[in-house]
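Examining the three-dimensional arrangement
Spelled out, the chains give:
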Amino acid sequence: MSADFEEGQFLGLPQAQGKPDVVVMPLAYELTTSYGTGAVDGPAACVEASGQVELFDATLGADLPDGRRFKTLPVWEGSASTLRGQLDEMVDHVQPFFDGSVFPLALGGEHGILPALVRAARRHPLVDGDLSRLTVVQLDAHADLRSELDGEVFSHACAASRSLDVGVGRLLQAGIRAYSLEESVRIDEDDRITTFFAKDTQHPHTGGAEWQRWLDTLAAIQGPVHLTLDIDGLDGALVPATGTPVPGGLSYWQAVETIETLFANPSATVISADVNEIFAQEGTPLTQFTAACLATKMLACHLLARREGRWIRREKTPSDEARSSFFSEAKGATFSARS
Ligand SMILES: [Mn+2]
């Protein structure tokens, strides 16, 4: 451990003074995880585990932070009594880092954080108020396309549905292997959604060709992108403590390849990312360490994009923004799946 290791900062990197280039945002959010508890402690456990991740990244060819300024925010915990109120608080918390000058990486917390992140991305200069410009790339075991789960439209099982309802233009999913009939129908009928199923990409004989199609799809994206990595997209053996581990998932190296391919696309700009459904594993830190390694890979790829001129710093003139009440004031019907 180096002498300037700073406790509570991602990778132990000394906290930037003044405006950072990269912000890590731990979001302790857990209201609807189906079974298992601990999503609330996951982000802090991931920051702690990141202290054991190597700073050298072979693709970057350098140690992180590669001359850039990093800052890890204190763990965010909502105080509102309702789920919608908490989502609005989260938008207020993360929105300042979607001004185009910073790369924000959220650590969750359950996947229900996604609609709030997408809503905040609306103010990014490349999105400029029109979320139809934004592509969301999702690695996940679950499609998260339910209209509701147990009566709750903001359940983590609806994260992708709500993001589309908020106005996202395109959703690309891989690793998907647990989904309902309703979700299957939505995937078929909603032309904004492209899904690569694990049964195809992980097929022992023909999986390679299908996986290459996924990579080709990522390489063809144009415009701003938010990358959302639900760690249960990985095979359950790699992340046994996550809320809903599922067998038959992506390998670690497939997640790495997805991240590297996406960030290397010169026509796309990854404006923000999250790693979610991180739970603190007892006895071995495998789950939170796997999450920390993949979060580090995202940051390394961002730094490389920045160094190679594929990420342009755009500073939006700050305006006085009213506190967000987007989720609180939306009528339930606004957030039901399209029929
Ligand atoms: Mn999910």
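For the structure itself, consult the block above.
Residues numbered from 1 in each chain as written. Predicted model: local features only at pLDDT ≥ 70, side-chain atom pairs only at ≥ 80, totals over all residues.

1. Here we look at the packing of helix α7 (residues 207-219) against helix α8 (residues 252-264)
Note the cut-off: Axis geometry follows a simple rule: fit a line to the C-alpha atoms, using only the stretch in contact for helices, then measure angles between N-to-C directions, giving values from 0 to 180 degrees. Segments assigned H or I by DSSP are reported as helices when at least four residues long, segments assigned E as strands when at least two residues long, and all are numbered from the N terminus. Geometric relationships in this document are graded by angle, where less than 35 degrees denotes roughly parallel, more than 145 denotes roughly antiparallel, 65 to 115 denotes roughly perpendicular, and other angles denote oblique. For any pair of crossing helices, the crossing counts as left-handed if the nearer helix is rotated counterclockwise from the farther one by less than a right angle, and right-handed if it is rotated clockwise. Two residues form a contact once the distance between their C-beta atoms, set from the backbone, is within 7 Å. Note on residue classes: Ala, Val, Leu, Ile, Met, Phe, Trp, Tyr, Cys and Pro are nonpolar, Asp, Glu, Lys and Arg are charged, and everything else, Gly too, is polar.
Where α7 meets α8, the closest approach of the two axes is 8 Å, and the angle between their N-to-C directions is 25 degrees. It follows from the interaxial angle that α7 and α8 lie roughly parallel. When you trace α7 past α8, the crossing you get is right-handed. Where α7 abuts α8, its residues Trp 211, Leu 215, Leu 218 and Ala 219 lie against Gln 254, Glu 257, Thr 258, Thr 261 and Leu 262. For the contact of α7 with α8, a count of residues per class yields five nonpolar, three polar and one charged.

2. Remarks on the environment of Val 127
How we decide: Partly exposed residues are those whose C-beta has more than 12 but fewer than 20 other C-beta atoms within 10 Å; with 20 or more the residue is buried, with 12 or fewer it is exposed, and the C-beta atoms are placed from the backbone.
For Val 127, the location among the structural elements is in the loop between α3 (114-121) and β7 (135-139). With 25 C-beta atoms counted inside 10 Å, the residue Val 127 sits in the buried group. As for Val 127 and Glu 315, which are separated by 188 residues in sequence, their C-alpha atoms are 13 Å apart.

3. Observations concerning unusual backbone geometry
Across residues other than glycine, the phi torsion is negative in most instances, and most of the peptide bonds are trans. With an omega of 10 degrees, the peptide bond between Leu 64 and Pro 65 qualifies as cis. Looking at the secondary structure, you find Pro 65 in the loop between β3 (62-63) and β4 (70-72). Positive phi outside glycine occurs at Asp 144, with the angle close to 55 degrees. Summarising the element assignment, Asp 144 is placed in the loop between β7 and α4 (159-166). The phi dihedral of Glu 277 falls on the positive side, at around 60 degrees, and the residue is not glycine. Summarising the element assignment, Glu 277 is placed in the loop between β11 (268-276) and α9 (286-307).

4. Focus on the nonpolar core
The condition that has to hold: Take the buried Ala, Val, Leu, Ile, Met, Phe, Trp, Tyr and Cys residues, join any whose C-beta atoms are within 7 Å, and the set you get is a nonpolar core.
By size, the foremost hydrophobic cluster in this structure holds 100 residues, and its most contacted members are Met 25, Leu 105 and Ala 295. Ranked by residues supplied to this core, first place goes to α9 with twelve residues. Excluding anything up to four places from it in sequence, Met 25 contacts Leu 73, Trp 76, Val 94, Pro 104, Leu 105, Ala 106 and Leu 107.

5. Considerations on the pairing of strand β1 (residues 22-28)
Cut-off, in case you're wondering: Two strands qualify as a pair provided DSSP detects at least 2 bridges between them.
Most of β1 sits out of view: six of its seven residues are buried. Of the strand pairs in this sheet, β1 and β4 are connected by three bridges, and their pairing is parallel. Bridge assignment links Val 24 to a residue of β4, and that residue is Thr 72. Pairing of β1 with strand β5 (residues 76-77) involves two bridges; the strand directions are parallel. In the strand pairing of β5, Ala 28 is matched with Glu 77.

6. Side note on α4
Judged by how many residues are buried, α4 sits mostly within the fold: seven of eight residues are covered. Those residues of α4 that sit buried are Ala 159, Ala 160, Ser 161, Arg 162, Ser 163, Leu 164 and Val 166. Looking one or two places after α4, you find Gly 167, whose phi comes out positive at around 130 degrees.

7. What about the pairing of β7?
Counting buried positions along β7 yields five of five residues, so the element is predominantly enclosed. Neither face of β7 is exposed, since Thr 135, Val 137 and Leu 139 on one face and Val 136 and Gln 138 on the opposite face are all buried. One ladder, built from five bridges, connects β7 with strand β8 (residues 170-176); its direction is parallel. Within β8, the residue paired with Leu 139 across the bridge is Ala 174. In this sheet, strand β10 (residues 223-230) lies alongside β7 in parallel orientation, the contact comprising five bridges.

Fair warning: the whole summary comes from geometry, so function is off the table for now.
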